[in-house]
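# Summary of the model geometry
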Amino acid sequence: RKEVEQDPGPFNVPEGATVAFNCTYSNSASQSFFWYRQDCRKEPKLLMSVYSSGNEDGRFTAQLNRASQYISLLIRDSKLSDSATYLCVVPRNSGNTPLVFGKGTRLSVIA
Amino acid sequence: ETGVTQSPTHLIKTRGQQVTLRCSSQSGHNTVSWYQQALGQGPQFIFQYYREEENGRGNFPPRFSGLQFPNYSSELNVNALELDDSALYLCASSLLDRPNYGYTFGSGTRLTVV
């Protein structure tokens, strides 16, 4: 299994739709997980941290399944401004550093 | 609180040349990590510095080297540039003992090797 693996997409969804991304990871000792958002030709920005079973922030919900070693990101009521690449991030070591990035899942929200 | 700043923002170099990229970490952060992001790929870990020492390294050749200074700023040096070194180079700062906070990235240096 790759260190971090994501479906590259692209996911093309209409405004208002619900969309979910999955990410699998290989390091069973990882404690913290992250979703980053990256706009075209910009730097990644932290969207959510996940270090228990899940985390919710407004329209965004991240869930963690340690047994199956996957993380998911759910976006409800998609907005045009949600169009971006979403990067799944997992620490390489049990010490939570360095962070290993997936290749990203590209989302396009269409009017 | 100042964020992470990188310089220069863009750079064009010729194959075989050497380049130095600079990064100032976010105020209060003691760890700097460097990543290379090729077009259409996720960021790839180059190395990390903590207390002026290398604290982990990715799968990059020795011609990629770095430094961290007492004020936690950092440099990435690449010798004998190759065409494949063309990428966005990202610097990220963090607190080594606060991993749950994630990394804060600078806006990157876009390097083109011709």
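See the structure printed just above.
Described in the following lines is the structure provided in the data block.

Helices and strands together make up the secondary structure of chain B, namely 0 helices and 11 strands. Going from N to C terminus, chain B has its helices and strands arranged as β-β-β-β-β-β-β-β-β-β-β. Compactness check: chain B gives a C-alpha radius of gyration of 13 Å against a globular reference of 13 Å for 114 residues, within 12% of the reference. Seen along its three principal axes, the alpha-carbon backbone of chain B occupies a region of about 40 × 25 × 25 Å. Residue pairs in contact within chain B that sit at least 24 positions apart in sequence constitute 54% of those at least 6 positions apart. Counting every atom, chain B has about 5500 Å² of accessible surface; 47% of that belongs to carbon and sulfur. On chain B, the mean spot of the 8 positive side-chain charges and the mean spot of the 9 negative ones are 5 Å from each other.

What follows deals with the interface of chain A and chain B. Each side of the interface is counted separately: chain A has 20 residues, and chain B has 21 residues. Of the roughly 1600 Å² buried between chain A and chain B, counting both surfaces, carbon and sulfur atoms make up 53%. On the chain A side of the interface with chain B, the three residues burying the most area are Arg41, Glu43 and Phe101 of chain A, jointly 27% of the side's total. The dominant element in the side of chain A that touches chain B, judged by the number of residues it contributes, is strand E4 (residues 33-38) of chain A, at 3 residues. Tallied by class, residues from the side of chain A that touches chain B come to 9 nonpolar, 6 polar and 5 charged.

Let's shift gears to the state of the cysteines. In protein chemistry, a disulfide is the covalent bond that joins the sulfur atoms of two cysteines. All names here are of chain B. Scanning the entire structure with this criterion turns up 2 disulfides over all chains. Two residues, cysteine 23 and cysteine 91, share a disulfide whose sulfurs are 1.8 Å apart. Judged by the torsion about the S-S bond (-60°), the cysteine 23/cysteine 91 disulfide is left-handed. Of this pair, cysteine 23 sits in strand E3 (residues 19-24) while cysteine 91 sits in strand E9 (residues 87-94), and the two are 68 residues apart along the sequence. Residue classification places cysteine 91 among the buried positions, given a relative accessible area of 0%.

Residues and elements named next belong to chain B. Across the sheet, which stays open at both edges, the 4 strands sit in the order E1-E3-E8-E7 with antiparallel pairing between neighbours. Only two strands of the sheet have a single partner each, and these edge strands are strand E1 (5-7) and strand E7 (64-68). Here the average twist between neighbouring strands, direction ignored, is 15°. In the sheet, E1 pairs with E3 via 3 bridges, with the strands oriented antiparallel. Bridging from a neighbouring strand, threonine 5 pairs with serine 24 of E3.

Here we take up the pairing of strand E11 (residues 105-110) of chain A. All names here are of chain A. Where burial is concerned, the two faces of E11 differ: the one with Thr105, Leu107 and Val109 is buried and the one with Arg106, Ser108 and Ile110 is not. Pairing of strand E2 (residues 11-14) with E11, which is carried by 4 bridges, proceeds in the parallel orientation. In the strand pairing of E11, valine 13 is matched with valine 109. Across 3 bridges, the pairing between strand E9 (residues 84-91) and E11 is antiparallel. Looking across to E11, one finds that tyrosine 86 is bridged to threonine 105.

Enumeration over the complete set of coordinates arrives at 8 salt bridges over all chains. Across the salt bridge formed by arginine 59 of chain A and aspartate 82 of chain A, the nearest N and O atoms sit 2.8 Å from each other. With a gap of 23 residues between them, arginine 59 of chain A in the loop between strand E6 (54-57) and strand E7 (60-65) and aspartate 82 of chain A in the loop between strand E8 (70-75) and E9 connect regions that are remote in the sequence. The salt bridge involving glutamate 75 of chain B is made with arginine 22 of chain B; its shortest N-O contact spans 3.5 Å. Residue glutamate 75 of chain B is located in strand E8 (residues 74-78), and its partner arginine 22 of chain B is located in strand E3; the two are separated by 53 residues in the primary sequence. Judged by relative accessible area, which is 15%, glutamate 75 of chain B ranks as buried. Using a relative accessible area of 43% as the deciding quantity, one classes arginine 22 of chain B as partly exposed.

Cut-offs used in this document
- Residues numbered from 1 in each chain as written.
- Chains lettered and ligands numbered in written order.
- Predicted model: local features only at pLDDT ≥ 70, side-chain atom pairs only at ≥ 80, totals over all residues.
- Heavy atoms only, no water.
- Helix = DSSP H or I, 4+ residues; strand = E, 2+ residues; numbered from the N terminus.
- Rg over C-alpha atoms; globule rule 2.2 N^0.38 Å.
- Contact = heavy atoms within 4.5 Å.
- Areas by Shrake-Rupley, 256 points an atom, 1.4 Å probe, with all protein chains shown as cover.
- Lys, Arg positive; Asp, Glu negative; His and termini not counted.
- Charge placed at Lys NZ, Arg CZ, Asp CG, Glu CD.
- Buried area = accessible area lost by both parts, 1.4 Å probe.
- Nonpolar A, V, L, I, M, F, W, Y, C, P; charged D, E, K, R; others polar.
- Disulfide = S-S within 2.5 Å.
- Buried < 20%, exposed > 50% of the residue type's maximum accessible area, 1.4 Å probe, protein only.
- Pairing = 2+ DSSP bridges.
- Axes fitted to C-alpha atoms, helices over the stretch in contact; angles between N-to-C directions.
- Salt bridge = Lys/Arg side-chain N within 4 Å of Asp/Glu carboxyl O.

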